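# Remarks on the overall topology
Spelled out, the chains give:
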Amino acid sequence: MVVLAGGDPAKAVAVHDRLGPGVDRHLVVDAPADAPDAADHLDLPDEAFLDQSRQVQQAWGVTTATGPTVAVVDRAVRVASVHAIDDVDEVAATVSDDLADLQDRHRDVPPPVLFVPAAISAGMADRVRRAWADADPRPTGVETTADGRRVEALDHLRKRRRDHVVEEPELLRALTRDVGRRVVPEVRKAFGFSTTAFEGFKVGAYDADDEGFFDAHRDNLSPATAHRRFALSLNLDDDYDGGELVFPEYADRPLRPAAREALVFSGSLLHAVRPVTRGRRLVLLSFLFDAGSRG
């Protein structure tokens, strides 16, 4: 990804245009805060972002005080290189080389995730599948902002999954014991984190009938979810196609746990579930955290 900052917007726009349509790029202009319509007078592309508070540039550690600047950001959202825009053609060529280098560099970088085989007993997996079959699973939404508040809303362009929340007390206790004794020690060993609580359990179904999927997201961005340290995604079966997990900030390698195998990863990692193209992916979901951290 390329971030083209202001200073001299005309030069930034020129580099933006030289890079062509296949490059993921964002034009950021540091117009004065007292000029809300500055973009109308700067002849900027429609997708340009007016960074009047300079928060974006500060986040990248980029300054445009001395003139227009290009920051090349890798898929893990780290600044890889910064270039002052002196000669437009020269900078565009340099940025293209940087992007090619990043592509090679990240090709084989695996995400920092943990696989836990046999994370649930065969008998417990059967019991959970029966509980889902006897329930009335409903489509669930995604967190979004409405009227300044974080709310859950259905959005079939970002997520298609039906969930059953496990509420039966004895099954919840049994799941906590069965999964906990297999997963918690591995998380402590791999990540140095002592889990003291699960955020309940839900069973989610990604169906091929509607190409069930979940677009790229993070699990701990709101005050209500900030306590989530690790996500647990435990496949209850493997008779399906598609439905792999991907971590866009790392290599493009899709990950698919086996039946009864869990994938555990930080709630901060950007991740997505690819569409299921055959059958149904049935997955047990939860979050691990320290009970003392939840407000």
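Everything below is about the structure printed above this text.
Described below are features of the structure shown in this document. Not measured: the values here are computed from a predicted model.

### Quick word on the packing of helix α5 (residues 122-134) against helix α6 (residues 169-191)
Look at α5 against α6: their axes get within 11 Å of each other, and the N-to-C directions meet at 145 degrees. The way α5 lies across α6 gives a crossing that is left-handed. Residues Met-124, Arg-127, Val-128 and Ala-131 of α5 form the contact with α6, whose participating residues are Glu-170, Leu-171, Ala-174, Leu-175 and Asp-178. When its residues are assigned to classes, the contact of α5 with α6 shows six nonpolar, no polar and three charged.

### Examining the sheet that holds strand β5 (residues 79-84)
Across the sheet, which stays open at both edges, the five strands sit in the order β3-β2-β1-β4-β5 with mixed pairing between neighbours. Of all strands in the sheet, those bounded by a partner on one side alone are β3 (49-50) and β5. The sheet contact formed by strand β2 (residues 25-29) and β3 spans two bridges and is parallel. Within β3, the position partnered with Val-28 by the bridge is Phe-49. The sheet strands contacting helix α1 (residues 9-18) are β1 (2-5), β2 and β4 (69-73), and the helix crosses β2 at an angle near 175 degrees.

### Focus on the sheet that holds strand β17 (residues 245-246)
Read from one edge to the other, the open sheet built from four strands follows the order β10-β14-β19-β17, with strand pairing classed as antiparallel. The outermost strands of the open sheet, each flanked by one partner alone, are β10 (159-160) and β17. In this structure, β10 lies alongside strand β14 (residues 213-217), joined through two bridges in antiparallel fashion. The partner of Lys-159 across the bridge, within β14, is Phe-214.

What counts and what doesn't
- Residues numbered from 1 in each chain as written.
- Predicted model: local features only at pLDDT ≥ 70, side-chain atom pairs only at ≥ 80, totals over all residues.
- Heavy atoms only, no water.
- Axes fitted to C-alpha atoms, helices over the stretch in contact; angles between N-to-C directions.
- Helix = DSSP H or I, 4+ residues; strand = E, 2+ residues; numbered from the N terminus.
- Left-handed = near helix turned anticlockwise from the far one by under 90°.
- Contact = heavy atoms within 4.5 Å.
- Nonpolar A, V, L, I, M, F, W, Y, C, P; charged D, E, K, R; others polar.
- Pairing = 2+ DSSP bridges.

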